[in-house]
Structures are given as structure tokens and as C-alpha cells.
Amino acid sequence: MAAANYLSSEDQFLCSICLDVFTDPVSTSCGHNFCKNCITEHWNTSDRCQCPLCKEVFNTRPDLRINTFISEMVAQFRQSAQQKTSSSEQQESKPGEVPCDVCTGTKLKALKSCLVCLASYCETHLEPHLTASRLKRHQLIDPVENLEDRMCTKHDKPLELFCKTDQTFVCMLCTVLDHKTHDVVPLEEEYEGKKVELKKTEAEIQQMIQKRRVKIQEIKHSVDLSEEDADREKAEGVQVFTDLKESVERGLNELIKTIEEKKKTTEKQAEAFIKELEQEISELKKRSTEVVQLSLSEDHLHLLQSVQSSNIHHPPPTKDWTKVSVPPSYEGTVVRAVVQLEETLSKEMKKLFTEAELKRIQKFAVDVTLDPDTAHPQLILSADGKQVHTGNVQQLLPDNPERFSLYLNLLGTQSFSSEKFHYEVQVNRKSEWTLGVARESINRKGQVALSPKNGYWTICLTNGNEYKAAAGPSVPLSLKSRPQKVGVFVDYEEGLVSFYDVDAAALIYSFTGCSFTEKLFPFFCPRNNDGGKNSAPLIISPVGVN
């Protein structure tokens with residue numbers, strides 16, 4: 001304890017002669033300490049040998065020996081001072097840090113700020129607040145700048161309270177005067193409440209971050225899907241253009257073949273004409289020879305008798321070659337070939353486009369099931385809700401508002417009010433049916449014609465072979481083949497309803513420019529069973545499965 005008290009005073013380690021920390025400290029018999037060199041030089045230059053402090057005179061110069069205890073204490077003091085200096089250097093205030101308000105010269109980094117003193121203190125100058133009982137009651141916080149902002153500008157008191165009514169910081173006097181009837185709480189209470197709110201906010205932010213990370217994964221997945229779609233589209237494009245190229249090559253080969261055949265026909269016809277002409281020339285040459293020989297005769301009677309008895313003076317019978325010709329017959333051949341090619345390519349392109357388009361819309365396939373609560377009582381549904389056919393008698397079912405009571409109709413369970421959707425229905429073995437979509441508010445009880453005006457977008461088969469679009473008025477449809485499976489595609493945003501012959505990959509009909517403002521439901525009508533002729537069910541088929 002004595003050593004500690006001794007270390008606490010820097011003056012105890014100073015030589016009174018050189019006023020610096022002891023070097024080789026020695027003690028006189030009077031109990032005072034000096035540097036060995038300092039006291040030796042002092043006595044060497046003095047007439048008397050006395051203590052510089054207490055003036056005690058020594059008859060003989062004392063034998064000076066180094067005081068090992070003081071020497072060790074001085075060494076500890078030097079080490080402590082060096083460490084303190086090093087520590088102070090390390091704690092020097094840097095830009096952005098709160099400096100000590102008490103330090104002069106080099107400002108050290110503040111460790112705490114006092115809300116009572118409105119000052120910030122480094123480690124050294126903070127000591128009184130940690131030891132003095134009066135200062136211990138002061139409120140210390142982590143170092144902050146602008147402590148004056150924590151004082152009430154009106155009453156010059158610390159802002160220790162929070163007014164919830166005015167959402168402002170107040171001092172104790174404010175609560176008595178300006179905020180007397182307000183809801184005022186200690187800063188600690190508001191602090192804890194805000195911490196809870198901040199924790200909640202942080203959780204919400206983390207949730208937002210997580211959602212965005214999920215969205216990033218979705219976008220990356222979309223990029224992967226886009227790459228797959230691009231590869232598939234390129235493959236389909238190569239196939240389409242390869243098919244078109246082959247069609248063009250076939251057209252070119254057929255054109256060349258046609259021209260060659262026409263050329264051969266012309267050559268054969270010309271050869272026949274030439275042969276016939278050569279025969280006539282031969283006959284004419286023979287007659288010419290006879291005429292020449294007769295004309296050379298000097299027998300008057302013979303010449304006259306020969307001419308009279310024959311037609312030698314007339315040419316032999318020949319064909320009239322005036323209008324006979326073998327003109328080139330290639331005019332229009334290329335034009336006709338190009339027109340034919342254009343028709344072929346148009347059909348091929350339409351088919352290929354429809355196939356590609358059907359594949360594209362099939363990606364929007366939805367799982368549709370039949371809603372028994374909407375089915376007319378005479379309709380019979382399968383247990384899985386995928387098939388419906390018309391029975392012979394009406395079932396005893398509750399006449400709920402959703403149920404069709406007059407026509408053999410029903411809806412799908414699922415509704416759609418945005419984006420795109422597609423489903424497919426098997427209609428084979430049926431002689432009559434109606435398919436499409438209907439809006440939620442359709443009349444399900446009375447007589448209503450199927451038309452977009454009344455909320456229906458449908459096509460139908462009647463009388464076994466008559467296809468129509470219920471466009472109001474109905475539009476007859478000319479189909480090259482009898483659909484076995486019908487696909488229904490809806491683009492809600494674009495206002496489009498399209499029907500496809502799935503197996504033939506052919507567009508049947510499209511309603512365009514539609515305006516959808518309600519939920520849409522898949523619509524089905526298997527129609528009357530016609531004494532068993534139309535008893536086959538409508539079957540909702542998985543998309544892409546034959």
C-alpha cells in the first residue's frame with residue numbers, strides 16, 4: 001500500500017537539484033534523496049558539506065551508496081510513465097471520433113460523455129467521475145458530440161423525458177409547464193419501445209431482403225427457362241425453315257421436270273411434223289420428175305393423151321401447213337409453279353405456325369375440374385370431376401343459385417381473372433357439344449342465347465357435322481377434319497379466346513377484342529343424349545396427353 005501511495009506522486013521521484021527523475025538515487029543520513037552525480041557535484045562546489053534541503057551540516061562527507069529500493073521504484077515509475085505515454089498516443093482522437101473536452105494540446109479520444117457536465121472525457125480526465133462521490137451521480141453515456149443539443153433550449157435542463165403527445169424531447173420543467181397534461185414518459189421507456197419497433201422494422205426489412213433474394217432466384221430461373229425456350233424455339237425454327245426449304249426444292253424440281261417434259265413433247269411433235277413434211281416433199285419430187293419427163297417428150301399426141309388421162313399437171317394432195325407451227329409452250333410455267341409453291345408454302349407455314357402456337361399456349365395449361373354445384377340436374381359427373389354426360393332423368397338436387405336449371409350446362413370449379421390459361425376436352429364419339437368460357441354473372445336460370453354480349457364465348461357442334469361459333473349471330477365454321485380433342489385458350493389481358501383442333505394442330509376460331517371485367521369459368525354443355533346417339537361424355541384431358 002505504501003509503495004502504491006509512493007508511486008501515485010510524481011514529485012517523490014524528482015531530484016531536488018536537477019528537478020528530473022532520479023538517476024542512481026542515493027540517500028543522506030538526514031533522509032533526503034538525490035541523484036548521485038547531482039549531490040556529489042553540489043558538494044564539490046560548496047565550502048561546506050550540507051543537505052541542500054534541510055541544510056543539515058555533515059562534519060565529514062557521507063559515504064554515498066545507491067538506494068536500491070528507490071532505484072527499483074524509479075524504474076517502475078519510468079516504465080509506468082512510458083506505458084501511459086504510449087497509451088495516450090494510441091488514444092489520440094482521430095477524425096470522426098469524439099475528442100476529450102479537457103485535454104489541452106493533443107486531444108485524446110473520449111471514453112464517456114457526461115450529460116450533467118455536458119462534456120466528454122478521455123481515460124485520464126474521466127477518473128474523477130469514477131472516484132469522487134459527488135461526480136459518481138452524474139449520468140455517463142458513450143461519447144457523443146454536440147452535447148448542448150441534449151439540453152432544453154428553454155429551461156437549460158437535460159432532455160430526460162419524451163412527450164408522446166407532441167412527439168418531442170422535454171426536460172423536467174417542461175412537464176410542469178408547457179406539457180403538463182401531456183403523455184410524458186422517461187427516455188428509457190420510449191427507448192425500449194423504439195427498440196422493439198426497430199427490431200420489428202429490422203425483421204420486416206430482413207423479410208423484404210429475403211423476398212428479393214427469392215425474386216432474384218425466380219429471375220435467374222426465368223433466365224434459365226428463357227435459355228431453354230430459346231433453344232427450343234431455335235430448334236423449331238430450324239425445323240420450320242428446313243421444311244420450307246425442302247418444299248421450295250420440291251417445287252423447283254417439279255418446275256424443271258415440267259419444263260423438261262414440255263420440251264420433250266415439243267420435240268416429238270416437231271419430229272412428227274418434219275417426217276410428214278419430208279414424205280410430202282418426196283411425193284412432190286416424184287411428181288416433179290414425171291412432169292419434167294413428160295414435158296421433154298416430142299410426141300404431140302402422147303403428151304396430150306398423158307395429160308388428158310391423168311392429173312399430172314396437178315400437185316399431189318398435201319396438208320395445208322400454213323397454220324401449222326411448233327411454238328415454245330413455256331409461257332406461264334414459272335408463274336404457275338410459283339403460285340402453286342406459294343399456296344403450298346402458305347398451307348405449310350400455317351400448319352407449322354399453328355403447331356408452334358399450340359405448343360406455346362399449352363404451356364399455360366391449368367387443371368380444370370367440373371363443378372357439381374353448377375351442373376343441371378340431368379347431367380352426370382364422374383367421381384374425379386373430369387367427365388360429364390347427359391342422363392335420361394333429372395336428379396333431385398337443390399336448386400342453388402349457381403346451378404343451371406333450364407339448359408344442360410355446367411361450369412368448371414376454377415375461375416380466372418388475369419393472365420393466360422388453357423385446357424383441353426375430348427369430344428370424340430359425340431354428335432353435339434358446346435365448349436368455351438363464361439363470365440361469373442351469367443343468367444343460369446332463364447332463356448339466354450349464347451353470345452359474348454350475354455357473357456358466353458363458345459363454339460358448338462350440332463347435327464353431327466355443323467360447327468358454329470356463337471358470336472351473336474352465329475358464324476358457320478368450315479373444318480377440314482372432325483376434331484377429336486378441342487383446346488380452349490384464353491388471354492384475359494388481351495381479350496382473346498381461341499379454340500384449337502389439338503390433334504390436327506389447327507385453329508378452329510378466335511374471339512378477339514373481348515373486354516373481360518369479371519371472373520371467367522370454363523363452360524361445358526354435353527347436350528341431349530339423343531336416344532343414346534350422343535351419350536358419350538365430354539372428358540377434360542391432361543394437356544399434351546393423347
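Thresholds applied
- Residues numbered from 1 in each chain as written.
- Predicted model: local features only at pLDDT ≥ 70, side-chain atom pairs only at ≥ 80, totals over all residues.
- Heavy atoms only, no water.
- Salt bridge = Lys/Arg side-chain N within 4 Å of Asp/Glu carboxyl O.
- Helix = DSSP H or I, 4+ residues; strand = E, 2+ residues; numbered from the N terminus.
- Buried < 20%, exposed > 50% of the residue type's maximum accessible area, 1.4 Å probe, protein only.
- Core = buried A, V, L, I, M, F, W, Y, C linked by side-chain atoms within 4.5 Å.
- pLDDT = per-residue confidence, 0-100.
- Contact = heavy atoms within 4.5 Å.

K.L.:
A description of the pattern of salt bridges should follow, citing residues and the corresponding values.
P.N.:
Enumeration over the complete set of coordinates arrives at 16 salt bridges. Arg 232 serves as the salt-bridge partner of Asp 229, at 2.2 Å between the closest nitrogen and oxygen. You can see Asp 229 and its partner Arg 232 sitting in helix α7 (residues 187-295), 3 residues apart, about one turn around the helix. For Arg 232, a relative accessible area of 34% corresponds to the partly exposed category. Among the salt bridges present, the one from Lys 263 reaches Glu 260, with a minimum N-O distance of 3.4 Å. Highlighted residues: Lys 263 and Glu 260, both in helix α7, separated by 3 residues, approximately one helical turn.

K.L.:
Kindly report on the nonpolar core, identifying the contributing residues and their values.
P.N.:
Nonpolar side chains in soluble globular proteins generally cluster together in the buried interior. By size, the foremost hydrophobic cluster in this structure holds 44 residues, and its most contacted members are Trp 433, Ile 459 and Phe 524. Per-element accounting of this core gives the leading share, 5 residues, to strand β20 (residues 520-525). Counting 18 residues, the second largest nonpolar core, distinct from the first, contains Cys 35, Cys 38, Trp 43 and Phe 77.

K.L.:
Account for the confidence of the model for the protein, naming residues and giving values.
P.N.:
Mean pLDDT over the protein stands at 87; residues scoring 70 or higher make up 94%. Residue range residues 1-8 is modelled with pLDDT below 50. Its contacts to residues more than four positions away, or to other chains, number 9 contacts.

K.L.:
Go over the environment of Ile 380 with me, naming the residues and quoting the values.
P.N.:
With respect to the secondary-structure elements, Ile 380 resides in strand β9 (residues 379-381). Ile 380 sits in the partly exposed class, given a relative accessible area of 34%. Separated by 13 residues in sequence, Ile 380 and Val 393 have C-alpha atoms that sit 10 Å apart. Excluding its chain neighbours within four sequence positions, the residues that come into contact with Ile 380 are Gln 387, Val 388, His 389, Gly 391 and Gln 395.

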